[in-house]
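Each chain is listed here by its residues.
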Amino acid sequence: MIINKKIAVSETGFIFNPATGDSYSMNPIATEILEMLKKDMSEEEIKNFLLEKYDVNKSVLQKSYDEFIDTLIKLNIIE
Amino acid sequence: MKKLNFERPIIKKLNVGPSHKFGLKTEFEPLTHIDEISVKDMLSEYGSPLFIISEKSIRKTYAEAKRAFETRYPKVQFAWSYKTNYLNAVCNVFHKEGSWAEVVSRFEYDKAVDNGVDGNKIIFNGPEKTEDDLNLAVENGSLIHIDHFDELYTLIEIAQKHKKKPKVAIRVNMDTGIYPMWDRFGFNYENGEAWEAVNRIMMSNKLDLVGLHTHIGTFIMTASAYAIAASKLADLAVNLRRKYNHNLNYIDIGGGFASRNTLKGSYLLGIDTSPAFDDYAEAITTSLINSQLDPENMPMLILETGRALIDDAGSLAGTVIANKKLSDGRHATIVNFGVNLLFTAFWYEHKITPAQEFSQHSETTSLFGPLCMNIDQIRESIYLPALKKGDNVVVSRIGAYNMTQWMQFITLRPNVVMIDTKQNVHVIRQNETNKDITGLESVPEHLKLK
Ligand SMILES: Cc1ncc(COP(=O)(O)O)c(C=O)c1O
């Protein structure tokens, strides 16, 4: 899973895709996940990190994570 | 170290250009407390979903309405419209505030009597009153509002058997410029039927005509419609005095004031557009005061205001069950209350607020209930922070019609609590058990399995 190189991501969760002119905003957890993806962390590593930090159980996290990744793929932000 | 609150990760496209209908965020603050009592604490103690009624809010709204009318007119009387919310505790808050009772069925009539309302302070409306009902109402000196000629003739017959003259009013329907016109109930003003009914009552000499009544519709957004209604009833009263030298005790203008909810399909929020009590009061009282009514004998003004007095006081708290993606890509959130408990979801774009802290990032979602039915939609489209399973939400302004029109469909009704003015929480209707429902059934011997 790699982030589309052309895409600009700010720390505040603002994303700009120069190819399409579209911009997006993310909530803090989404921003955090994208940061980790950028650092080439694996899904396992990302999830473990989140489980440590947040009050959330594994199944809720898994589902939220899958849904988010799915959306990122649809939006061509990761490929 | 305490772990942080988890919010589902979301990403949302930013729209450049004018914001659309749902582009405005509905709520900026979570609703964690009602009357300073924690919503989450109440949910864990009394179960989810949970109806919560604020006594403080009822009394505050009632005081506002009362002030609006009493500062403009000498004699004002509210009569609590039982059908709007007939949980006894709710009715009794209104009765303690001085409200009479307005009922439309024997079930409601008996409830009012059991609540301790004097017979002569019960207004009996509605098209269906059996002879038995009418006899009881006459005996108790209740105010019987006649709906049609069949009832009028029945009542004249019944009157012969009683020592007391039945106290009656007629319900009048009329054109006030409001669509749809509620012409199913009562006698029509424009075609002369109402005047005819008045004459029949006066000629019969068997009934004591004490008032005139109308109820022009519900959620009326134009106060001026009430000015028309009041002036038409005043006209009838003036003609009655001219012909029979008979003064009426009261004019009952019914209910129908809009609450601060937002009607479906409306682009503007109800809180900004619904007329205030002052607007309705100004229209009605100006119309009565400027009429030809005898200033020495002004009739009492009765109001049967329902939803505008109770909507704000009721909330429904519940829990998120799941998140889903619909086939067309829309996001959906499933909560544990459906249209079985929230009948008014068919009319209103309800205000729904998370009961826990959230970030300022939101998404558009469809909110569905748990019923296995397609119509079970609470909000077709609502802008909410990312909610996850187990999060809580509060639906506001649901005090009217839900606790009377709720359906016992595939599940049981939950607890209803009232927070009193000293912040004590009371269960005012217990959650149902299977036995409450199936206890009424019986299975013929030959169909029994065990
Ligand atoms: C006769 C009568 N009075 C009062 C009401 C209460 O109306 P609302 O809740 O619109 O104020 C109704 C409601 O339908 C009614 O039929």
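Above this text you will find the structure in question.
Nothing here was measured: the structure is a model prediction, and the numbers come from that model.

Reading the values: rules and limits
- Residues numbered from 1 in each chain as written.
- Chains lettered and ligands numbered in written order.
- Predicted model: local features only at pLDDT ≥ 70, side-chain atom pairs only at ≥ 80, totals over all residues.
- Heavy atoms only, no water.
- Helix = DSSP H or I, 4+ residues; strand = E, 2+ residues; numbered from the N terminus.
- Rg over C-alpha atoms; globule rule 2.2 N^0.38 Å.
- Contact = heavy atoms within 4.5 Å.
- Areas by Shrake-Rupley, 256 points an atom, 1.4 Å probe, with all protein chains shown as cover.
- Lys, Arg positive; Asp, Glu negative; His and termini not counted.
- Charge placed at Lys NZ, Arg CZ, Asp CG, Glu CD.
- Polar contact = N/O pair within 3.5 Å; in protein donor to acceptor, adjacent residues only side chain to side chain.
- 1 Å grid on protein atoms, 1.4 Å probe; cavity = no way out; pocket = protein on both sides within 12 Å on 5 of 7 lines; lining within 4 Å.
- Points joined across faces, edges and corners; volume = space filled by probe spheres on them.
- Nonpolar A, V, L, I, M, F, W, Y, C, P; charged D, E, K, R; others polar.
- Pairing = 2+ DSSP bridges.
- Axes fitted to C-alpha atoms, helices over the stretch in contact; angles between N-to-C directions.
- Buried area = accessible area lost by both parts, 1.4 Å probe.
- Salt bridge = Lys/Arg side-chain N within 4 Å of Asp/Glu carboxyl O.
- Parallel < 35°, antiparallel > 145°, perpendicular 65-115°, else oblique.
- Core = buried A, V, L, I, M, F, W, Y, C linked by side-chain atoms within 4.5 Å.
- Buried < 20%, exposed > 50% of the residue type's maximum accessible area, 1.4 Å probe, protein only.
- Domains from an automatic or database assignment.
- Arc of directions from axis to C-beta.
- Near = heavy atom within 4 Å.

Draft legend 1. View of the overall build of chain B. A count of helical and extended segments in chain B gives 13 helices and 22 strands. Taking 22 Å as the expected radius of gyration for a compact globule of 450 residues, we find that chain B reaches 25 Å, a close match to that expectation. Along the longest, intermediate and shortest principal axes, the C-alpha atoms of chain B span 80 × 65 × 45 Å. Within chain B, contacts between residues separated by at least 24 positions form 70% of all contacts whose residues are at least 6 apart in sequence. Total accessible area on chain B stands at roughly 20,600 Å², and carbon and sulfur atoms take up 51% of it. Looking at chain B, you have 51 positive and 54 negative side-chain charges, and the mean spots of the two groups are 4 Å apart.

Draft legend 2. Structural view of the side chain of B:Thr84. Residue and element names in this part refer to chain B. Take Thr 84: it is sitting in the loop between strand E6 (76–81) and helix H3 (88–96). A polar side-chain atom of Thr 84 sits 2.9 Å from a polar atom in the side chain of Ser 81. In contact with Thr 84, not counting residues within four places along its chain, are Gly 306, Arg 307, Ile 310, Gly 399, Ala 400, Tyr 401 and Thr 404.

Draft legend 3. Layout of empty space enclosed by the protein. Residues and elements named next belong to chain B. For the coordinates displayed, the defined rule picks out two cavities of 30 Å³ or more. Here the largest cavity is characterised by a volume of approximately 70 Å³. Asn 5, Phe 6, Glu 7, Pro 354, Gln 356, Glu 357, Phe 358, Ala 386, Leu 387, Lys 388 and Asp 391 are the residues that line the largest cavity. In terms of residue class, the lining of the largest cavity is made up of five nonpolar, two polar and four charged. The space that makes up the second largest cavity amounts to roughly 50 Å³. In terms of lining residues, the second largest cavity is bounded by Val 172, Asn 173, Met 174, Thr 176, Ile 178, Met 181, Trp 182, Thr 214, His 215 and Ile 216. Among the residues making up the lining of the second largest cavity, the classes are represented as six nonpolar, four polar and no charged.

Draft legend 4. Focus on the pairing of strand E14 (residues 300–303) of chain B. All names here are of chain B. Bridge count between E6 and E14: three bridges; the pairing is parallel. The residue of E14 that forms the bridge with Gln 77 is Ile 302. The pairing of strand E13 (residues 250–252) with E14 spans three bridges and is classified as parallel. Bridge assignment links Tyr 250 to a residue of E14, and that residue is Met 300.

Draft legend 5. Layout of the sheet that holds strand E2 (residues 14–17) of chain A. Taking strand neighbours across the sheet as the criterion, the four strands line up as E1(A)-E2(A)-E3(A)-E2(B) in an open arrangement whose pairing is antiparallel. The sheet is open, and its two edges are formed by strand E1 (8–9) of chain A together with strand E2 (11–13) of chain B, each paired on a single side. Bridge count for E2(A) against strand E3 (residues 22–26) of chain A is four bridges, and the pairing is antiparallel. Among the inter-strand pairings, A:Asn17 is bridged to a residue of E3(A), identified as A:Asp22. Across the sheet, helix H1 (residues 28–38) of chain A is in contact with E1, E2 and E3 of chain A; its angle to E3(A) comes to roughly 110°.

Draft legend 6. Region of the structure containing the interface of chain A and chain B. With 28 residues of chain A at the interface, the matching set in chain B holds 20 residues. Taking both partners together, chain A and chain B bury about 2,100 Å²; carbon and sulfur atoms supply 64% of that area. Per-residue buried area on chain A facing chain B is highest for A:Ser25, A:Asn27 and A:Glu67; these three make up 25% of the total on that side. Remark: the boundary between chain A and chain B carries two salt bridges. Note that B:Arg8 and A:Glu67 form a salt bridge whose closest N and O atoms lie 3.7 Å from each other. Applying the counting criterion to the chain A and chain B interface returns 11 residue pairs in polar contact (both at pLDDT 80 or more). Of all the secondary structure elements, the ones that give two or more residues to the side of chain A that touches chain B are E2, E3, H1, helix H2 (43–53), strand E4 (54–55) and helix H3 (58–74) of chain A.

Draft legend 7. Region of interest: the packing of H1(A) against H3(A). Residue and element names in this part refer to chain A. Close contact between H1 and H3 brings their axes to 12 Å; oriented N to C, the two are set at 70°. By the criterion of interaxial angle, the relationship of H1 to H3 is roughly perpendicular. Between H1 and H3, the contacting residues are Ala 30, Ile 33, Leu 34 and Leu 37 on the first element and Tyr 65, Phe 68, Ile 69 and Leu 72 on the second. Grouping the amino acids of the contact of H1 with H3 by side-chain chemistry returns eight nonpolar, no polar and no charged.

Draft legend 8. Focus on the nonpolar core. Ranked by internal contacts, the top residues of the largest apolar core, which has 108 residues, are B:Phe69, B:Ile170 and B:Ile284. Of all the elements, helix H8 (residues 224–244) of chain B adds the most residues to this core, at 10 residues. Counting the residues that make up this core, at least three belong to each of domain 1 (33–53 + 313–432) and domain 2 (55–311) of chain B. Not counting the four nearest positions on each side in its chain, B:Phe69 is found in contact with B:Val76, B:Phe78, B:Phe257, B:Phe277, B:Tyr280, B:Ala281, B:Ile284, B:Thr285, B:Leu301 and B:Leu303. By size, the runner-up hydrophobic cluster in this structure holds 27 residues, among which are A:Ile15, A:Met26, A:Met36 and A:Phe68.

Draft legend 9. View of helix H1 (residues 39–46) of chain B. Residues and elements named next belong to chain B. The set of residues buried in H1 consists of Val 39, Met 42, Leu 43 and Tyr 46. Seen from one end, H1 has its buried residues packed into an arc of 100°, which puts them on one side. Of the exposed residues in H1, those oriented more than 90 degrees away from the buried face are Asp 41, Ser 44 and Glu 45. Positive phi appears at Gly 47, one or two residues downstream of H1, with a value of about 90°.

Draft legend 10. Structural view of the site of the ligand. All names here are of chain B. Close contacts around the ligand come from 15 residues, with Thr 218, Gly 256, Glu 304, Gly 306 and Tyr 401 the closest. Side-chain polar atom of Thr 218 to an oxygen atom of the ligand: 2.4 Å apart, as the coordinates give it. Gly 306 places a polar main-chain atom, nitrogen or oxygen, 2.8 Å from an oxygen atom of the ligand. Within the complex, the protein chains bury 94% of what would otherwise be the 390 Å² of accessible surface of the ligand.

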